[in-house]
Amino acid sequence: MNHDNSRNLFDLARKYIPGGVNSPVRAFKSVGGDPLFFKAGEGAWLTDSDDNRYIDYVGAWGPLILGHRNEKVIAALTEQLEKGLGYGASTEGEVEIAQKICELVPSIEQVRLVTSGTEATMSAIRLARGFTKRDKVVKFEGCYHGHVDGLLVKAGSGALTLGEPDSLGVPKAYTKLTHVLSYNDIDGVKEFFAEHGDEIACIIVEPVAGNMNFVAPVPGFLETLREVCSKHGAVLIFDEVMTGFRVGLGGAQGVYGVTPDLTTLGKVIGGGLPVGAFGGRKDIMQHIAPSGAVYQAGTLSGSPLAVAAGLAMLNSISEPGFYDKLGSQAEKLVTGLKERAAAANVPFTTNQLGGMFGLFFSGESQVSHFEQVMACNAEHFRTFFHAMLDNGVYLAPSSFEAGFISAAHGDTEIATTLDAAERAFAAIAT
Ligand code: KE4
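Residues numbered from 1 in each chain as written. Predicted model: local features only at pLDDT ≥ 70, side-chain atom pairs only at ≥ 80, totals over all residues. Heavy atoms only, no water.

**Comments concerning the environment of glycine 146**
Item 1. Structurally, glycine 146 is set in the loop between strand E5 (136–140) and strand E6 (153–154).
Item 2. Overall, glycine 146 belongs to the buried group, its relative accessible area being 7%.
Item 3. Residues glycine 146 and methionine 122, 24 residues apart in the sequence, show an inter-C-alpha distance of 8.3 Å.
Item 4. In contact with glycine 146, other than residues within four places in its own chain, are Thr118 and Leu152. (Helix = DSSP H or I, 4+ residues; strand = E, 2+ residues; numbered from the N terminus. Buried < 20%, exposed > 50% of the residue type's maximum accessible area, 1.4 Å probe, protein only. Contact = heavy atoms within 4.5 Å.)

What follows is the structure in structure tokens.
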């Protein structure tokens, strides 16, 4: 495949944009080589700047659950464009999407729209601190909640689990208020809360972790988080920016039957445009300005264009059978991949839930902990990633990211992907 235009664009981009990208994961750092520049998407397909075409399993990192340029989303945007781009004032669409979100996610009694997942998680944590009048928060190693200062921490040493800054520019004063526990470590959570529970404002967790590849909660893990938060008066925040409307219509909380106090959303609810949201128990949300004393604001919050796209998407995914079909296509994909890896004698396993999946070059039968993710064969992933790219399949350019399928991924796309995978696994086996 010819990538001259992407390469020339990347050279120019690095002159004007740090690292040549507007978000680090796009730079192909962990897979090597220069990043691709794309110019169009249609259904399950992407076209890059050299007119190469790929079946897309990134889907703009989750939002495009209907595929690129879904006709209903485009129609809704076109209609709104005739009326204007935004007014800096309330619109009927904002009420409609708020009502729709509250109907689809019963734990959300009130919701505030923002313009990114980071803004949603940052605001939810400020709200939890304001509501509980406590400062300390708990997160889990391997979970990512956006580039919120206090959450850019790596697991501290020792039992105190105090967070160490994981980025320059983050004051230690911020991260020492963040405790980092191990995902799926039920006993560790119980021990920590037995000692510190009454100091904790909130737990923030990805109910299905999609930023350490794809790791599902083990039975009892989410239930334990619910128990310790209820017992100690801490707020349980499910960060469903990625899993919301992705793993099921009611999100991960609907799949696992565990009710958080607050939920953060993003990606799918914007239909591909900039939207985030946080919402939950009305007695907590009431503390958000202007009804309460926890300040939060945003110029483009509730943008009519983003709301129009989000509403069209939410209405489409609410149709009966949508997730049955999405999940069965994803299952076909991961089952076929495992079969081809086995045929090539390549150690490989997968996780999958709804329209989200994880690929692991690991001999483990099941990957459920951060340590297992870290032990995967990075070299095999890199070889696989580039072989798939050369065969017209675009996977997330990092072995720590989840994959996403859309309603536009039909049997043809799955079959073409599996043919490419057969060649890619062979490239590893040699
Ligand atoms: P944004 O601020 O990027 O919209 O959302 C942050 C965020 C919050 N919570 C979860 C669970 C998330 O997955 C994210 C962002 N996800 C990444 C993909 N792993 C976005 C891709 C990127 O950083 O470019």
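**Focus on the site of the ligand**
Item 1. Residues in contact with the ligand amount to 16 residues; listed here are only the nearest, Ser23, Thr118, Asn211, Asp239 and Glu401.
Item 2. Taking glycine 117, its main chain carries an N or O atom lying 3.0 Å from an oxygen atom of the ligand.
Item 3. Within the side chain of glutamate 401, an N or O atom sits 2.7 Å from a nitrogen atom of the ligand.
Item 4. The protein chains hide 85% of the 540 Å² of surface that the ligand would expose on its own.
Item 5. Counting residues domain by domain, the shell around the ligand receives three or more from each of domain 1 (4–69 + 320–429) and domain 2 (71–317). (Near = heavy atom within 4 Å. Polar contact = N/O pair within 3.5 Å; in protein donor to acceptor, adjacent residues only side chain to side chain. Areas by Shrake-Rupley, 256 points an atom, 1.4 Å probe, with all protein chains shown as cover. Domains from an automatic or database assignment.)

**Overview of the domain arrangement of the protein**
By a frequent convention, interface size equals the accessible area lost on bringing the separate parts together.
Item 1. Domain annotation of the protein identifies domain 1 (4–69 + 320–429) and domain 2 (71–317).
Item 2. Placing a centre on the C-alpha atoms of domain 1 and another on those of domain 2 gives a separation of 25 Å.
Item 3. Listed as interface residues are 31 residues of domain 1 and, on the opposing side, 31 residues of domain 2.
Item 4. Interface area, domain 1 with domain 2, both sides summed: about 2600 Å², of which 65% is carbon and sulfur.
Item 5. Counting the surface domain 1 buries against domain 2, the share from its top three residues, Tyr323, Leu353 and Met356, is 25%.
Item 6. Where domain 1 meets domain 2, there are zero salt bridges.
Item 7. Linking domain 1 with domain 2 are eleven residue pairs in polar contact (both at pLDDT 80 or more).
Item 8. Every element with two or more residues in the side of domain 1 that touches domain 2 is listed here: helix H11 (322–343), strand E13 (349–353), strand E14 (356–360) and helix H12 (370–374).
Item 9. Sort the elements by how many residues they give to the side of domain 1 that touches domain 2 and E14 lands first, with five residues.
Item 10. Tallied by class, residues from the side of domain 1 that touches domain 2 come to 19 nonpolar, nine polar and three charged. (Buried area = accessible area lost by both parts, 1.4 Å probe. Salt bridge = Lys/Arg side-chain N within 4 Å of Asp/Glu carboxyl O. Nonpolar A, V, L, I, M, F, W, Y, C, P; charged D, E, K, R; others polar.)

**Side note on the side chain of serine 107**
Item 1. Position of serine 107 relative to the elements: it lies in the loop between helix H3 (92–104) and strand E4 (110–114).
Item 2. Judged by relative accessible area, serine 107 falls into the buried class, the value being 11%.
Item 3. In terms of polar contacts, serine 107 uses its side chain to reach the side chain of glutamine 253, at 2.5 Å.

**Looking at the side chain of glutamate 413**
Item 1. Position of glutamate 413 among the secondary structure elements: in helix H14 (residues 411–429).
Item 2. Buried glutamate 413, no salt bridge; nearest opposite-charge side chain is arginine 53, N-O distance 7.1 Å.
Item 3. Of note is the side chain of glutamate 413, whose polar atom sits 3.0 Å from the side chain of tryptophan 45.
Item 4. Once residues within four sequence positions are removed from consideration, glutamate 413 is found in contact with Ala44, Trp45, Ile55, Tyr57 and Ala408. (Lys, Arg positive; Asp, Glu negative; His and termini not counted.)

**Topic: the packing of helix H2 (residues 71–81) against helix H10 (residues 304–317)**
Item 1. Closest axis-to-axis distance for the H2/H10 pair is 8 Å, and the angle between their directions is 150°. The orientation of H2 relative to H10 falls into the category roughly antiparallel. Considering how the two elements wind past one another, H2 and H10 form a crossing that is right-handed. In contact with Lys72, Val73, Ala76, Leu77, Gln80 and Leu81 of H2, H10 contributes Pro304, Leu305, Ala308, Ala309, Ala312, Met313 and Ser316. (Axes fitted to C-alpha atoms, helices over the stretch in contact; angles between N-to-C directions. Parallel < 35°, antiparallel > 145°, perpendicular 65-115°, else oblique. Left-handed = near helix turned anticlockwise from the far one by under 90°.)

**Some details on the sheet that holds E5**
Item 1. Strand order across the open sheet formed by seven strands is E4-E12-E11-E10-E9-E5-E8, with mixed pairing between neighbours. A strand with exactly one partner marks an edge of an open sheet, and here the two such strands are E4 and strand E8 (178–181). Recorded for the sheet is a direction-independent mean angle of 20° between the axes of neighbouring strands.
Item 2. Pairing between strand E9 (residues 200–205) and strand E10 (residues 235–239): four bridges, direction parallel. Its bridge partner being in E10, valine 205 is matched across the sheet by phenylalanine 238.
Item 3. In the packing of H3 onto the sheet, contacts are made with E4 and strand E11 (262–266), and the angle to E4 comes to roughly 125°. (Pairing = 2+ DSSP bridges.)

**A word on unusual backbone geometry**
Item 1. Following alanine 289, the chain continues to proline 290 via a peptide bond in cis, the omega torsion being 5°.
Item 2. Looking at the secondary structure, you find proline 290 in the loop between helix H9 (282–285) and H10.
Item 3. In this structure, alanine 60 is a non-glycine residue whose phi angle is positive, near 60°.
Item 4. Assignment of secondary structure puts alanine 60 in the loop between strand E3 (53–56) and H2.
Item 5. Positive phi outside glycine occurs at asparagine 213, with the angle close to 65°.
Item 6. Here asparagine 213 lies in the loop between E9 and helix H7 (221–232).

**A closer look at the pairing of E9**
Item 1. Burial runs high along E9: six of the six residues are buried.
Item 2. Pairing of E5 with E9, which is carried by three bridges, proceeds in the parallel orientation. Following the sheet pairing, valine 137 is matched in E9 by cysteine 202.
Item 3. What joins E9 to E10 is H7, and the crossover it makes is right-handed. (Right-handed = clockwise from strand over helix to strand, strands pointing away.)

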